[in-house]
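Per-entry structural report
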Number of protein chains: 2
Amino acid sequence: MLAQAASQLSHPHALTHDVVATPPAFEGTLPYTDCCYRAGEEIYALGDRASALYQVEFGAVRIFRLLADGRRQISAFHFVGDVFGFEAGDRHNFFAEAICATGIRAYRRPVESELAREILPVALEALVRAQDHLLIIGRQNADERVAAFLLDLMERQDGLTRIELPMSRADIGDYLGLTIETVSRVLSRFRQKGHVHFERARNAEIVHPDALRAICE
Amino acid sequence: MLAQAASQLSHPHALTHDVVATPPAFEGTLPYTDCCYRAGEEIYALGDRASALYQVEFGAVRIFRLLADGRRQISAFHFVGDVFGFEAGDRHNFFAEAICATGIRAYRRPVESELAREILPVALEALVRAQDHLLIIGRQNADERVAAFLLDLMERQDGLTRIELPMSRADIGDYLGLTIETVSRVLSRFRQKGHVHFERARNAEIVHPDALRAICE
DNA sequence: CGTAATGTTGACAAGGGTCAAGCTTAGTGG
DNA sequence: CCACTAAGCTTGACCCTTGTCAACATTACG
């Protein structure tokens, strides 16, 4: 597993281009460099100059904002193949951190004219995702939110019922607008009902996807 | 007031181009037609072909989604000058309705290559707005949400402390992820504390903007 | 002027948050 | 290799914010 090799790296550092087989997002169009991050490491911070586009090669990334008192809202998780890091201005409006040992391909930001065509589809998709998320957080209860989250994870992991949850319960809570405790309680209830089986806290088998679908309507 | 003239129209219909002085969003680049809508009228529905971009000339628009059981999440309000209606695919993912008598300029959707450069900035801005909204709904309480909403309205109405709320309490609730009753109670509390003065339910004076800023941090 | 839609307020209930204790797991160092 | 520790997770008890239900007030409109 690539993540194992990566976890031994003490600092993010450039790799050669042929380490990983992730298909490039901008095939043949943009120069890039690869970089590894350990769990919890910052990829960029709010206010940093937005000078690159990023693609996840392996691992997972959380994108978030903070309120003055420390409350955190995770607006997105990114997994293998996902592209992120484009911004409205020339500065980042968010923080990005590696959730676990993570490889990132950084594409030098193309000039404005080319950039538009390249990333508009990605930006529009991100917009739809953000608005879906808004519906979930604004109008669904804890059970519905967690069910939708598990189904989303499943779909993004090739639809396989065995899923990994690389993020902590705190991450899930901050993504769904819930507390750690509520996330934990809902997952326990799903487990008791037999909808999900947890081998470990971060490895689950979705036993009855349809039960979850029925919950989030 | 243009809205008065518009409110007499019985059906949406094309206007000549020189009725309103709103600066076009795509000056000289795209052909357009103008159209009027009455309060509550649908501009487009989920699933409709996304064949145009829209700009508000006067009035206000709500963009929303529905859950199967009728719960509604308003993802955005659009006011004079705002551009909306771009989508990830070739179909609309949302409903758009006029909140009050509203004039809309519909630009024929440009070909893909031109489209990208035109609307990328608008799309990125919408993304930031959606993600801001996510933080508010996911991590702020009722007082903070309503305070942030009032300040947002104020800023978008030229920063003047006299603001209009064209939308109903139900709209505000569905935008902020609250019920009508909670919105009403919070507004009453703000009124009692002297932060806001309501001349009518939909006309307010923000007496102490800083008090509201302090509330939403 | 009368009616329906919209908004306000109150009483009560419940979903989810807070605080606290205990359990599991992974990582570390002897 | 095992024991210790810290971080992460789970569970329980309690409480608070917000939702629900209902009555009433106000406004807009025909």
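A brief structural summary. (Residues numbered from 1 in each chain as written. Chains lettered and ligands numbered in written order. Predicted model: local features only at pLDDT ≥ 70, side-chain atom pairs only at ≥ 80, totals over all residues. Heavy atoms only, no water.)

1. Details of the pattern of salt bridges
Here is the rule we go by: Salt bridge, as applied in this entry: a Lys or Arg side-chain nitrogen positioned within 4 Å of an Asp or Glu carboxyl oxygen. Strands are runs of DSSP state E lasting at least two residues, helices are runs of H or I lasting at least four, and both sets are numbered from the N terminus onward.
Tallied over the full model, the rule gives 40 salt bridges over all chains. For Arg71 of chain B, the salt bridge identified is with Glu217 of chain A, shortest N-O distance 3.4 Å. Taken together, the residues Arg71 of chain B in the loop between β5 (61-66) and β6 (72-78) and Glu217 of chain A in the segment after α6 (209-216) connect one chain to another. When the shortest N-O distance is used, the salt bridge between Asp143 of chain B and Arg189 of chain B registers 2.8 Å. Of this pair, Asp143 of chain B sits in helix α3 (residues 142-156) while Arg189 of chain B sits in helix α5 (residues 180-192), placing them 46 residues apart in sequence. Through salt bridges that share partners, Arg62, Arg72, Glu97, Asp171 and Asp174 of chain A together with Arg139 of chain B make up one connected network.

2. Here's the deal with the interface of chain B and chain A
Applicable threshold: Residue contacts are defined here by distance: any two heavy atoms, one from each residue, within 4.5 Å place the two residues in contact. In this description, buried area is defined as the sum, over both parts, of the accessible area (probe of 1.4 Å) that is lost when the two are combined.
Taken together, the contact pairs 41 residues of chain B with 41 residues of chain A. Taken together, both faces of the contact between chain B and chain A bury some 3,600 Å²; the carbon and sulfur share is 67%. Our count for the chain B to chain A interface comes out at eight salt bridges. As a salt-bridge pair, Glu144 of chain B and Arg71 of chain A come within 2.9 Å of each other at their nearest N and O atoms.

3. Details of the sheet that holds strand β8 (residues 95-98) of chain B
Residue and element names in this part refer to chain B. For the record, the criterion: The criterion for strand pairing is that DSSP finds at least two bridges linking the strands in question. In this description, a line fitted to the C-alpha atoms serves as the axis of each element, helices being fitted only across the stretch in contact, and the angle between N-to-C directions of two axes falls anywhere from 0 to 180 degrees.
Spatial strand order, β3-β8-β5-β6: four strands in an open sheet with antiparallel pairing. The open sheet has two free edges, formed respectively by β3 (42-44) and β6, since each of these has just one partner strand. Each neighbouring strand pair of the sheet contributes to a mean axis angle of 30°, computed without reference to strand direction.

4. Some points on the packing of α3 of chain B against helix α6 (residues 209-216) of chain B
Residue and element names in this part refer to chain B. Rules: By the definition adopted for this analysis, an angle is roughly parallel if under 35 degrees, roughly antiparallel if over 145, roughly perpendicular if from 65 to 115, and oblique otherwise. What makes a crossing left-handed is the near helix being turned counterclockwise from the far one by less than a right angle; a clockwise turn instead makes it right-handed. As a working rule, the residues Ala, Val, Leu, Ile, Met, Phe, Trp, Tyr, Cys and Pro are called nonpolar, Asp, Glu, Lys and Arg charged, and the rest polar, with Gly in that last group.
Taken N-terminus to C-terminus, the directions of α3 and α6 make an angle of 135°; their axes are 8 Å apart at the nearest point. Looking at the two axes, α3 sits oblique to α6. As α3 packs across α6, the resulting crossing turns out to be left-handed. Here Asp143, Glu144, Ala147, Ala148, Leu150, Leu151 and Met154 of α3 lie close against α6, whose contacting residues are Pro209, Leu212, Arg213, Ile215 and Cys216. Residue composition of the contact of α3 with α6, grouped by class: nine nonpolar, no polar and three charged.

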